[in-house]
Structures are given as C-alpha cells and as structure tokens.
Amino acid sequence: MRSYLILITMPDGSAGQHHGLYADGFDAVIYALDHFPDAHRISARRLPC
C-alpha cells in the first residue's frame, strides 16, 4: 500500500482533497469516482514514503 493525495474538482468549481493508502493510483481514482460521481476532475498523486 502506498500513500496518495487525491484532488477532486466539482462542476461548480469547488475543490477538495483526500489523503489515503491505496494499492495504486487507479484504486485511488476509483475510490474518488465512487464517492464523487459528478466530479469534473480527479487526480491522484503518489506521495513520498
């Protein structure tokens, strides 16, 4: 498991972030899509150990 920072932007321009442990970046993005299906943009960045 690795640490990822997920950045989420909604259609109205509001933004948020989440820090969590995931197997890879795809799992991090899928987590965000499950919780924010209307998101305009989602990105996942692996954080250094």
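Calculation notes
Residues numbered from 1 in each chain as written. Predicted model: local features only at pLDDT ≥ 70, side-chain atom pairs only at ≥ 80, totals over all residues. Heavy atoms only, no water. Helix = DSSP H or I, 4+ residues; strand = E, 2+ residues; numbered from the N terminus. Buried < 20%, exposed > 50% of the residue type's maximum accessible area, 1.4 Å probe, protein only. Areas by Shrake-Rupley, 256 points an atom, 1.4 Å probe, with all protein chains shown as cover. Lys, Arg positive; Asp, Glu negative; His and termini not counted. Charge placed at Lys NZ, Arg CZ, Asp CG, Glu CD. Pairing = 2+ DSSP bridges. Axes fitted to C-alpha atoms, helices over the stretch in contact; angles between N-to-C directions. Core = buried A, V, L, I, M, F, W, Y, C linked by side-chain atoms within 4.5 Å. Contact = heavy atoms within 4.5 Å. Phe/Tyr/Trp six-rings, centres within 6.5 Å; stacked < 30°, edge-to-face > 60°.

A.B. asks: Is there a simple way to think about the overall build of the chain in this case?
C.D. replies: For the chain, the count of helices and strands is one helix and three strands. Listed N to C, the secondary structure of the chain is β-β-α-β in terms of helices and strands. When the 49 residues of the chain are sorted by exposure, 20% land in the buried category. Here the chain has roughly 3,700 Å² of accessible surface; of this, 57% comes from carbon and sulfur atoms. When the 4 basic and 5 acidic side-chain charges of the chain are each reduced to a single mean position, those positions are 15 Å apart.

A.B. asks: Even after reading the chapter, I still don't get the sheet that holds strand β2 (residues 15-22), so can you show me in this structure?
C.D. replies: Read from one edge of the open sheet, three strands run β2-β1-β3, paired in antiparallel fashion. Each edge of the open sheet is held by one strand with a lone partner, namely β2 and β3 (41-46). Between one strand axis and the next, the sheet turns through 20° on average, direction left out of account. Sheet analysis places strand β1 (residues 2-9) next to β3, joined by six bridges and oriented antiparallel. Bridge assignment links I6 to a residue of β3, and that residue is A44.

A.B. asks: What am I meant to see in the nonpolar core here?
C.D. replies: As a rule of thumb, soluble globular proteins bury nonpolar side chains together. Listed in full, the six residues of the largest apolar core are Y4, I6, I8, Y22, A28 and A32. The set of elements that each furnish at least two residues to this core consists of β1 and α1 (25-35). Among the elements that make up this core, the one with the highest residue count is β1 (three residues). Ignoring sequence-local partners within four residues, the contact set of A28 consists of Y4, I6, Y22 and A44.

A.B. asks: What is the right way to look at the packing of aromatic side chains in this model?
C.D. replies: The tally for this structure, following the rule as stated, stands at two aromatic pairs. With a centroid separation of 6.5 Å and 65° between ring planes, the pair formed by Y4 and Y22 is classed as edge-to-face. Note that Y4 is positioned in strand β1 and Y22 in strand β2, a separation of 18 residues in sequence. This pair shows no difference in class: Y4 is buried, exactly as Y22 is. Among the aromatic residues, ring-to-ring pairing joins Y4, Y22 and Y31 into one connected group.

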